[in-house]
Structures are given as C-alpha cells and as structure tokens.
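# Remarks on the overall topology
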Amino acid sequence: MPLLSASLGLTRYRVVEAIPDSLWREAPKRLKDNAFRDIDATTDERSFGWCNIDNMLDMDWAESPPEKGHYLCFALRLDTRRIPPAVFKKHCMIALAGELEQAKAEGKAFISKDRRREIREQVMLRLRARSLPVPAVFDAVWSMRTGRILLASTNAKAKALFEDHFNLTFGLNLEPLTPFFLAMDMLGEAATPRLETLEPSNFV
C-alpha cells in the first residue's frame with residue numbers, strides 16, 4: 001500500500017461544501033456504485049473506479065470495510081492499455097501491405113482514405129485484445145472529523161481524475177490545499193491581500 005511506503009508524494013484537499021452527516025452512512029454504497037470495472041476480457045483502452053485500499057482486486061470491500069477509525073480509506077484504480085507507437089506502426093504497415101496486395105489482385109491501384117482509417121482502427125483493436133491493461137492504484141484517506149483528504153499522488157492527470165470521480169461519487173467538490181490556501185485557512189480571509197503580494201525567497 002503506497003501510504004505505508006517509506007516515501008511518497010501527497011496531495012492534500014479540503015471539501016468545498018459542507019458535508020452532510022448522512023454522507024458517512026452512504027459512503028460505502030457510493031463507493032461500490034462507482035467501483036472499478038475490470039477490462040481484462042475486453043478491448044477497452046482504460047477503466048477507472050474505486051477499490052479497497054487493502055486489496056486492489058476487492059471492489060466489494062469484502063476483505064475489509066472502508067471505515068477505519070474516524071477515517072474513510074479507499075483507492076482509485078486506473079487500468080490502461082498502452083500500445084507502443086512503434087508496434088502499432090509496424091502492424092499497420094503489415095495490414096496495409098496485405099490490403100494493397102489484395103487490391104492490386106482485384107485491379108485497383110490504391111487504398112481509399114476511409115479504408116486506411118478502418119484498417120488502422122482494426123489493427124488497434126486487435127493489438128488491444130492481445131495486450132493486458134497495466135494497473136495503477138492511488139490511495140486516498142478522508143478524515144471524517146476534519147473533512148480533509150490525502151491522496152497518494154502528485155501526478156496532474158491522476159489528481160484530475162480523482163477530483164472528477166470524487167465529485168461524481170459524492171457530489172462534493174475538492175480544493176487542493178496549496179501553501180497559499182493553507183496560509184489563508186490559518187490567517188483568515190483578511191490576510192488574502194498580503195498573501196497575494198508575497199514574493200518567493202531566493203536561497204541561492
């Protein structure tokens with residue numbers, strides 16, 4: 001589990017809206033309703049959703065519940081099929097060469113643009129069917145006391161996906177707790193003009 005790693009990158013969030021008390025009771029069902037769906041037996045390019053923080057294969061939270069003390073713990077799983085461009089190019093060339101040979105046998109001198117596009121799409125589907133998706137898991141811990149959330153990632157795409165899926169699941173919006181927002185949170189709205197005029201220090 002990344003949160004138990006020796007070192008990791010964290011993104012801190014706060015929930016913008018007030019959190020209704022009923023949400024904590026509904027949270028396990030909401031996580032299951034928006035859980036990860038496996039794509040190993042498909043040709044889908046990617047799939048994402050929630051899974052058990054203790055086991056990325058557990059999308060029903062059968063192994064352990066998401067509630068751990070006064071924290072709600074879950075993970076965002078993202079499975080992606082990546083076809084290397086060189087592999088795709090090679091198989092497109094093979095498919096196009098075979099198509100051109102067949103076209104010449106039928107008295108045609110070229111392959112139409114639409115047919116070329118169709119061949120490329122077919123090649124991509126065939127390669128995806130032969131390729132296993134690569135999983136990535138991003139742990140999240142949500143404090144039921146403070147409403148603050150820790151996400152075990154600083155990757156921009158992972159954060160955007162997490163924020164969007166969180167909003168879809170819980171109907172709440174997240175705000176990253178950058179140093180600026182942390183300072184404003186501690187000092188109050190009145191300190192905003194002073195914070196906005198601060199210049200970074202040069203330690204060189």
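Notes on the structure follow.

Basis of the calculations
- Residues numbered from 1 in each chain as written.
- Predicted model: local features only at pLDDT ≥ 70, side-chain atom pairs only at ≥ 80, totals over all residues.
- Heavy atoms only, no water.
- Axes fitted to C-alpha atoms, helices over the stretch in contact; angles between N-to-C directions.
- Helix = DSSP H or I, 4+ residues; strand = E, 2+ residues; numbered from the N terminus.
- Parallel < 35°, antiparallel > 145°, perpendicular 65-115°, else oblique.
- Left-handed = near helix turned anticlockwise from the far one by under 90°.
- Contact = heavy atoms within 4.5 Å.
- Phe/Tyr/Trp six-rings, centres within 6.5 Å; stacked < 30°, edge-to-face > 60°.
- Buried < 20%, exposed > 50% of the residue type's maximum accessible area, 1.4 Å probe, protein only.
- Expected span 1.5 Å × (residues − 1).
- Arc of directions from axis to C-beta.
- Polar contact = N/O pair within 3.5 Å; in protein donor to acceptor, adjacent residues only side chain to side chain.
- Core = buried A, V, L, I, M, F, W, Y, C linked by side-chain atoms within 4.5 Å.

## Things to note about the packing of helix α2 (residues 85–105) against helix α3 (residues 113–130)
Between α2 and α3, the least distance of the axes is 9 Å, while the angle of their chain directions is 130°. Between α2 and α3, the interaxial angle falls into the category oblique. Considering the relative orientation of α2 and α3, their crossing is right-handed. Of the residues in α3, those in contact with V87, F88, H91, C92, A95, L96 and E99 of α2 are R115, R116, I119, R120, V123, M124, R126, L127 and R130.

## Observations concerning the packing of aromatic side chains
Tallied over the full model, the rule gives nine aromatic pairs. Taking 5.7 Å as the distance between ring centres and 80° as the angle between the ring planes, the aromatic pair formed by W50 and F162 counts as edge-to-face. One end of the pair, W50, is in strand β2 (residues 46–51); the other, F162, is in helix α4 (residues 156–170), with 112 residues separating them in the sequence. Judged by relative accessible area, which is 0%, W50 ranks as buried. You can call F162 buried: its relative accessible area is 0%. Among the aromatic residues, those joined into a cluster by ring pairs are Y13, W24, W50, F74, W142, F162, F166 and F170.

## Some thoughts on unusual backbone geometry
Its identity is not glycine, yet W61 carries a phi of approximately 55°, on the positive side. Residue W61 is classed as buried on the basis of its relative accessible area of 9%.

## What about α4?
Taking 1.5 Å of rise per residue, 15 residues should cover 21 Å, and α4 covers 21 Å from first to last C-alpha, within 8% of that figure. All of the buried residues in α4 are A158, L161, F162, H165, F166, T169 and F170. Down the axis of α4, the sector holding all buried residues measures 130°, keeping them to one side. Turned more than 90 degrees away from the buried face of α4 sit A156, K157, D164 and L168, all of them exposed. Between the side-chain oxygen of the N-cap and the backbone nitrogen of K157 there are 3.0 Å, and the N-cap of α4 in question is N155. Downstream of α4 by a residue or two, G171 has a phi angle that is positive, lying close to 70°.

## Quick look at the nonpolar core
W50, F74, W142, I149, F162, F166 and F170 are the most contacted members of the largest nonpolar core, which totals 29 residues. When residues no more than four places from it in sequence are discounted, the contact partners of F74 are L31, W50, C51, I53, W61, F138, D139, A140, W142, F162, F166 and F170. Counting residues in each nonpolar core, the second largest holds eight residues, with I83, C92, L96 and L127 among its members.

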